[in-house]
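A look at the structure
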Amino acid sequence: MKSESDILADKLNKDQSFQDTLTTIHKLLTQENKIALIKYVEEIHNADLAEIIQNLDDDNRSKFILSIKDSFDPEILTYLNDSLRDDVIEKIDIKKLASDVSELDVDDAVDVVEDLEESDQETFLSSIPDSERKLIEEGLNYPEDSAGRLMQRKFVAIDNSWNVGNTIDYLRKEIENLPQDFYEVYLIDKANIVTGIVALGRLMSSHRKVQLDKIQNKETRLINVFTDQEEVAYQFNKYAMVSAPVVDQQNKIIGSITVDDVVGVIEEEREEDILK
């Protein structure tokens, strides 16, 4: 376990590294070296790019966005606060932004679209495939602070009568259609009602002939699509959940929330508590 001095040293090193990055970007902006700037930021994580944008003054922020707008990854927007997000969006071509929306999870795409002006929303939604537009429009129909705005539409739901072998074979066959990250598989009946949850690690370490209901979690915790996001975060924290199925008013599964989705809510709560 690291000592307090080691932790402080790590923080100072990270702070220095960030300052070095910021200094380099200032230099490239001053030199108006757009090619070198684009090449330099290619290796920087989107979360770090968002922090850079937040730490630039208004003039340099505008120059920076305009310099990288042709290669701008919309994921950067998901790490910005609302006011900065609006400012950045104003400087980016809406159709270009829409063309890259498939790179985002639906909940992040909804966050981006809801901040657009009505005319820009129409331009954005008319520029994306019908399937993606439908999911985003559905997301926008849920209350702003509800689980419906947080949930992912891609999840792994398995027939509750299957065994481990059936499931592993299915996952291998459907690899192109699986979520990028998932931690659990949901067991459902023929009416799409969740009957259990199986941890991915337990699934992969069990014999092929074992029935899924024999290795499911002891508790099956569901999140209603209209549940407040703060309550969702509270449940994740209280029960140490890594994911949860989201269900509609008929208790049918329609999505999934992972701990990664909840992190932002917890951070917002922490910032609100500091400001009180």
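Let us look at the structure shown here. (Residues numbered from 1 in each chain as written. Predicted model: local features only at pLDDT ≥ 70, side-chain atom pairs only at ≥ 80, totals over all residues. Heavy atoms only, no water.)

Turning next to the pairing of strand E3 (residues 194-199). Along a regular strand, successive side chains alternate from one face of the sheet to the other. With five bridges joining them, strand E2 (residues 184-188) and E3 adopt antiparallel strand pairing. Note on E3: the bridge partner recorded for Ile188 is Val194. From the end of E2 to the start of E3, which pair antiparallel, there are five residues, and Asn192 there has a positive phi angle of about 65 degrees. (Pairing = 2+ DSSP bridges. Helix = DSSP H or I, 4+ residues; strand = E, 2+ residues; numbered from the N terminus.)

The next point concerns the pairing of strand E6 (residues 253-258). Of all the six residues making up E6, five are buried; the element is thus mostly covered by neighbouring parts of the structure. Joining the antiparallel neighbours strand E5 (residues 243-247) and E6 is a turn of five residues, in which Asn251 adopts a positive phi near 70 degrees. (Buried < 20%, exposed > 50% of the residue type's maximum accessible area, 1.4 Å probe, protein only.)

Direction vectors running N to C along helix H2 (residues 34-41) and helix H4 (residues 58-68) enclose 85 degrees, while the axes themselves pass 10 Å from each other. As summarised for this structure, H2 and H4 are arranged roughly perpendicular, according to the angle between their axes. Residues Lys34, Leu37, Ile38 and Val41 of H2 form the contact with H4, whose participating residues are Phe64, Ser67 and Ile68. Its residues placed into classes, the contact of H2 with H4 shows five nonpolar, one polar and one charged. (Axes fitted to C-alpha atoms, helices over the stretch in contact; angles between N-to-C directions. Parallel < 35°, antiparallel > 145°, perpendicular 65-115°, else oblique. Contact = heavy atoms within 4.5 Å. Nonpolar A, V, L, I, M, F, W, Y, C, P; charged D, E, K, R; others polar.)

Since the α-helix turns once every 3.6 residues, residues separated by three or four places project in the same direction. Of all the residues in helix H5 (residues 82-90), the buried ones are Leu84, Arg85, Val88 and Ile89. Here the buried residues of H5 occupy an arc of 135 degrees about the axis, which is enough to place them on one side. In this structure, H5 carries Ser83 and Glu90 as exposed residues pointing more than 90 degrees from its buried face. Summarising the contacts, the buried residues of H5 are in contact with helix H3 (46-55), H4, helix H6 (94-99) and helix H7 (106-114). The opening residue of H5 is Asn81, an N-cap whose side-chain oxygen sits 2.9 Å from the backbone nitrogen of Leu84. (Arc of directions from axis to C-beta. Polar contact = N/O pair within 3.5 Å; in protein donor to acceptor, adjacent residues only side chain to side chain.)

This part is about the packing of aromatic side chains. Overall, the coordinates contain two aromatic pairs when judged by the stated rule. Between Tyr142 and Phe226 the ring centres are 5.9 Å apart and the planes differ by 70 degrees, which places this aromatic pair in the edge-to-face class. Here Tyr142, found in the loop between helix H9 (130-140) and helix H10 (147-150), pairs with Phe226, found in the loop between strand E4 (223-224) and helix H13 (229-239); they are 84 residues apart in sequence, far enough to count as distant. Take Tyr142: its relative accessible area is 17%, and that puts it in the buried class. (Phe/Tyr/Trp six-rings, centres within 6.5 Å; stacked < 30°, edge-to-face > 60°.)

What follows covers the environment of Val88. Take Val88: it is sitting in helix H5. A residue is classified by how much of its surface remains accessible, and Val88, at 1% relative accessible area, is buried. Counting along the chain gives twelve residues from Val88 to Ile76, while the straight-line C-alpha distance between them is 9.9 Å.

Further remarks concern the sheet that holds E3. If you trace the three strands from one edge of the open sheet to the other, you get E1-E2-E3, paired in mixed fashion. At either end of the open sheet lies a strand with only one pairing partner, and these are strand E1 (157-159) and E3. Pairs of neighbouring strands in the sheet enclose a mean axial angle of 35 degrees, with direction left out of account.

Before going further, it helps to examine unusual backbone geometry. Of note in this structure, Glu32 is not a glycine but carries a positive phi near 55 degrees. Counting through the fold element by element, Glu32 comes out in the loop between helix H1 (4-31) and H2.

It is worth spelling out the side chain of Asp248 at this point. Looking at the secondary structure, you find Asp248 in the loop between E5 and E6. Look at Asp248: it is buried, it has no salt bridge, and the nearest opposite charge is Lys252 at 6.5 Å. At 2.9 Å, the side chain of Asp248 and the backbone nitrogen of Gln250 are in polar contact. Apart from residues no more than four positions distant in its own chain, Asp248 is found in contact with Asn224, Val225 and Ile254. (Lys, Arg positive; Asp, Glu negative; His and termini not counted. Salt bridge = Lys/Arg side-chain N within 4 Å of Asp/Glu carboxyl O.)

Once that is clear, we can look at the environment of Ser67. Checked against the element boundaries, Ser67 lands in helix H4. Residues Ser67 and Glu32, spaced 35 residues apart in sequence, show a C-alpha to C-alpha distance of 8.9 Å. Contacts of Ser67, omitting those with residues within four sequence positions, involve Leu29, Lys34, Leu37 and Ile38. Reaching out from Ser67, the side chain makes a polar contact with the backbone oxygen of Lys63 at a distance of 2.7 Å.

Another point: a nonpolar patch on the surface. A surface patch of nonpolar side chains, about 280 Å² in accessible area, is lined by Tyr183, Val242, Val259 and Val263. Relative to the helices and strands, Val242 is located in the loop between H13 and E5. Look at Val242 and you get partly exposed, because its relative accessible area is 34%. (Patch = residues over 30% accessible without salt bridge, like charges linked within 9 Å, V, L, I, M, F, W, Y side chains within 5 Å. Areas by Shrake-Rupley, 256 points an atom, 1.4 Å probe, with all protein chains shown as cover.)

Moving on, we come to the pattern of salt bridges. For side chains bearing opposite charge, pairing can occur when the charged atoms are close. Under the defined criterion, the tally for this structure stands at seven salt bridges. Put simply, Arg153 and Glu138 hold a salt bridge, and the shortest N to O gap is 3.0 Å. Of this pair, Arg153 sits in the loop between H10 and E1 while Glu138 is found in helix H9, placing the two residues 15 residues apart along the sequence. Given the relative accessible area of 15%, Arg153 is considered buried.

Keep in mind these values describe shape, not function.
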